[in-house]
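This is what each chain is made of:
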Amino acid sequence: MAFYELRKYDGNERVWLGKYENLHNLPHWHYDCEFIYVEEGKSKVFVGGEEYNVVKGDGIFVDSGQIHSIEADSDSLLALFLFSDALVKDIISNTALKSPLLKNDCDVESVVKQIDFELTEKPLYYTTKVENIMTDMIIDIFRREETEEKKAEKNAYVAQYKALLKDIDEKYTWYTFSDAASFMSVSEHYFSELFHKICGMTFSKYLNSVKVKKAVEMLEEYSGEDSITDISIRCGFNTIRHFNRVFKEVTGYSPRSLPKGYRMNTTPIKDATRFADPTLEGSKLLKRRESK
């Protein structure tokens with residue numbers, strides 16, 4: 001079983017940098033892309049069903065949606081980047097690396113230092129700078145490494161689960177629990193347990209997060225023609241009171257007090273279960289940096 005990671009960001013950032021000693025985590029996947037760089041020691045990294053033994057100086061690119069896990073040695077130090085797939089959408093939409101383990105030097109050590117500095121010191125326009133540095137690195141990687149046309153998802157269940165999330169995203173207004181169970185071709189009881197286990201939250205919480213995300217997008221385009229009540233109805237809430245309560249639970253703001261330019265993460269739920277983070281006990285997070 002590979003779990004869907006609910007990365008908890010603190011704000012509207014699209015790049016996250018963490019440094020770990022002795023990192024071990026469960027097989028998982030997420031919509032973010034991930035880049036793993038070995039600063040010290042060695043590790044085993046599993047990506048797409050293959051095992052890669054990596055040592056100091058090695059880098060591995062994990063594409064959006066790929067199942068992966070890490071078993072690092074106790075004296076290892078890994079730098080992990082998680083970043084929104086939207087930053088490199090044009091690159092990864094139809095193209096994949098033949099091997100996630102890089103064969104060419106893309107000066108990743110310098111990138112780690114640059115992004116660490118920007119996220120620590122936060123100089124003017126640092127968020128844009130960090131996103132540009134990250135995007136430039138991925139462009140260099142895809143230019144230098146062997147690539148191929150992206151193939152269909154190998155893991156049938158993950159592919160079906162991702163298809164379900166896409167179906168919810170398109171039909172969210174009046175989507176129901178029964179619709180989801182039927183889409184997955186399982187009983188409602190089994191679906192309830194399975195969805196919570198793989199997603200880290202109940203189906204109703206996930207559906208509410210999707211509806212609120214859509215409402216945030218509509219509010220950003222709010223012209224005065226659509227009232228808050230109209231938006232709540234279009235997003236599938238029966239009453240304005242229910243809409244206001246759920247909206248604040250998810251975003252921390254009321255619809256009317258939402259800051260201009262507010263951007264919601266793909267998975268904004270704050271009370272996800274332990275599977276929100278696949279990192280196992282004994283792993284030590286030494287540094288956490290993120291753009292906001």
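As a reminder, the structure under discussion sits directly above these lines.
Because the structure is a prediction, the values reported are computed rather than measured. Numbers given to residues run from 1 along each chain, matching the order in which its sequence is written. With pLDDT at 70 or above as the cut-off, local features in this predicted model cover only qualifying residues; side-chain atom pairs require 80 or more to be listed or tallied, and sums for whole chains, interfaces and linings still use all residues. With hydrogens and water excluded, all non-hydrogen atoms of the structure serve as input to the side-chain values.

(A) Spotlight on the packing of helix H2 (residues 108–121) against helix H3 (residues 126–144). Two elements in contact, H2 and H3, have axes separated by 9 Å at closest approach and are oriented at 165°. Classified by the angle between their axes, H2 and H3 sit roughly antiparallel to one another. H2 and H3 meet at a crossing whose hand is left-handed. On the side of H2, the interface is formed by Val108, Val111, Gln114, Ile115, Glu118 and Leu119, while H3 contributes Tyr126, Lys129, Val130, Ile133, Met134 and Met137. Gly is placed with the polar residues, together with every amino acid not listed as nonpolar (Ala, Val, Leu, Ile, Met, Phe, Trp, Tyr, Cys and Pro) or charged (Asp, Glu, Lys and Arg). Among the residues making up the contact of H2 with H3, the classes are represented as nine nonpolar, one polar and two charged. Axis lines are fitted to C-alpha atoms, over the contacting stretch for helices. Their N-to-C directions set the angle, which ranges from 0 to 180 degrees. Comment: elements are numbered from the N terminus, with helices defined as DSSP H or I runs of at least four residues and strands as E runs of at least two. For classification purposes, an angle smaller than 35 degrees is called roughly parallel, one larger than 145 roughly antiparallel, one from 65 to 115 roughly perpendicular, and anything else oblique. Take the far helix as the reference: if the near one is turned anticlockwise from it by less than a right angle, the crossing is left-handed, and if turned clockwise, right-handed. In what follows, a contact means two residues having at least one pair of non-hydrogen atoms within 4.5 Å.

(B) Main features of the side chain of His30. Structurally, His30 is set in the loop between strand E3 (28–29) and strand E4 (33–40). Here His68 takes part through its side chain, which lies 3.4 Å from a polar atom of the side chain of His30. N or O atoms within 3.5 Å of each other form a polar contact, as long as, within protein, one can give a hydrogen and the other can take it, and as long as residues adjacent in sequence are counted only when both atoms are side-chain atoms.

(C) Local environment of unusual backbone geometry. In this structure, Asp107 is a non-glycine residue whose phi angle is positive, near 55°. Residue placement: Asp107 occurs in the loop between strand E10 (95–97) and H2. Look at Lys122: it is not a glycine, yet its phi comes out positive at around 50°. Inspection of the secondary structure assignment puts Lys122 in the loop between H2 and H3.

(D) Examining helix H7 (residues 203–220) more closely. Multiplying 1.5 Å by the helix residue count minus one yields the expected span of that helix. Across its 18 residues, H7 extends 26 Å between first and last C-alpha, which sits within 8% of the 26 Å expected from 1.5 Å per residue. Three labels apply to residues, based on accessible area from a 1.4 Å probe with only protein chains included: buried if under 20% of the type maximum, exposed if over 50%, partly exposed otherwise in between. When H7 is considered as a whole, its buried residues turn out to be Phe203, Tyr206, Leu207, Ser209, Val210, Lys211, Val212, Lys214, Ala215, Val216, Met218 and Leu219.

(E) Examining the packing of H7 against helix H9 (residues 240–251) more closely. H9 packs onto H7 with a crossing angle of 95° between their chain directions and a minimal axis gap of 10 Å. Between H7 and H9, the angle is such that the two are roughly perpendicular. Contact with H7, carried on its side by Asn208, Val212, Ala215, Val216 and Leu219, involves Phe243, Val246, Phe247, Val250 and Thr251 of H9 and no other residues of that element. Classifying every residue of the contact of H7 with H9 by side-chain character gives eight nonpolar, two polar and no charged.

Purely geometric numbers; function is a separate question.
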